[in-house]
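# Observations on the three-dimensional arrangement
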Amino acid sequence: MWIRSHSVTTQEVTKEQLWQLFADVDNWAAWDEGVEYAKLEGKFEKGAFFTLKPKGGPKVKIQLIETTKNKSFTDMTRFPMGRMYGEHTFEETTEGLRITTTMKVEGLLGFFWRKVVAQSIVDALPTEMLHQIQVAKKL
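One structure accompanies this document, and this report is about it. Computed from a predicted model, the values in this text were never measured in an experiment.

### A look at the packing of helix α1 (residues 15-23) against helix α3 (residues 110-136)
Orientation of α1 relative to α3, taken along the N-to-C sense of each, is 105°, at an axis distance of 9 Å. Compared by their axis directions, α1 and α3 come out roughly perpendicular. Between α1 and α3, the residues in contact are Q17, L18, L21 and F22 and Q132, V135 and A136, respectively. Split into classes, the residues belonging to the contact of α1 with α3 amount to five nonpolar, two polar and no charged.

Structure follows, in structure tokens:
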């Protein structure tokens, strides 16, 4: 299994603001430059699916496999002979809110999906997470 994480600590937003940002899947394209569109089926809760169309890539169906309001959520994308997980956590610390995104890829073709999809997501995390804070603080 391949795993990479990135964290940022901030006093600019609350966990409630970040949760609101992420739970509104249908509006991800408004703030995420890499997303052409996203559409949630149902509520932002464990077991729900959403469709995401990245710019320059094929649409994928993603499942929420864990959600804890204002604390964390994990999504899973199934690929042929591989799975990719995105774990997103919001933890209050004495220094501020620690936001962590962890990407995991597993499966027989995990090495392929890491190169084709996951590595570019991980490479963009530092910039993306700072942008998420800027957008969430307006909520």
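### Some details on the packing of aromatic side chains
A full pass over the atoms with the stated rule returns 11 aromatic pairs. Centre to centre, the rings of F22 and F90 are 6.0 Å apart; their planes meet at 20°, and the pair counts as stacked. A residue pair is termed long-range when its members are at least 10 positions apart, and F22 in helix α1 and F90 in strand β6 (residues 82-93) qualify at 68 residues. With a centroid separation of 5.1 Å and an interplanar angle of 75°, the aromatic rings of F44 and F73 are classed as edge-to-face. Placement of F44 in the loop between β2 (35-41) and β3 (49-54) and of F73 in strand β5 (residues 72-79) is noted, with a sequence separation of 29 residues between them. The class for F44 is buried, based on a relative accessible area of 12%. Over the aromatic face of F49 sits the side chain of K61, whose NZ or CZ is 5.0 Å from the ring centroid.

### Thoughts on the sheet that holds β5
Within the open sheet, the seven strands sit side by side as β1-β7-β6-β5-β4-β3-β2. Their pairing is antiparallel. Every interior strand has two partners, whereas the edge strands, β1 (2-10) and β2, have only one. Pairwise comparison of adjacent strand axes, ignoring direction, gives a mean angle of 20° for this sheet. Two elements, β1 and strand β7 (residues 96-106), share nine bridges in a ladder whose sense is antiparallel. In the sheet register, W2 faces β7, and the bridge partner there is V105.

### A few points about the pattern of salt bridges
Taken as a whole and assessed by the stated rule, the structure comprises seven salt bridges. With a shortest N-O distance of 3.3 Å, D26 and K39 are connected by a salt bridge. Taken together, the residues span a long stretch of sequence, with D26 in the loop between α1 and α2 (28-31) and K39 in strand β2 at a distance of 13 residues. Between K61 and E41 there is a salt bridge; the shortest N-O distance is 3.8 Å. In this pair, K61 is assigned in strand β4 (residues 60-68) and E41 in strand β2, connecting sequence segments 20 residues apart.

### Some thoughts on the side chain of Q132
As for its position among the elements, Q132 is in helix α3. Leaving out residues up to four positions away in the same chain, Q132 has contacts with L18, L21, F22 and W31.

What counts and how
Residues numbered from 1 in each chain as written. Predicted model: local features only at pLDDT ≥ 70, side-chain atom pairs only at ≥ 80, totals over all residues. Heavy atoms only, no water. Axes fitted to C-alpha atoms, helices over the stretch in contact; angles between N-to-C directions. Helix = DSSP H or I, 4+ residues; strand = E, 2+ residues; numbered from the N terminus. Parallel < 35°, antiparallel > 145°, perpendicular 65-115°, else oblique. Contact = heavy atoms within 4.5 Å. Nonpolar A, V, L, I, M, F, W, Y, C, P; charged D, E, K, R; others polar. Phe/Tyr/Trp six-rings, centres within 6.5 Å; stacked < 30°, edge-to-face > 60°. Buried < 20%, exposed > 50% of the residue type's maximum accessible area, 1.4 Å probe, protein only. Lys NZ or Arg CZ within 6 Å of the ring centre and 35° of its normal. Pairing = 2+ DSSP bridges. Salt bridge = Lys/Arg side-chain N within 4 Å of Asp/Glu carboxyl O.

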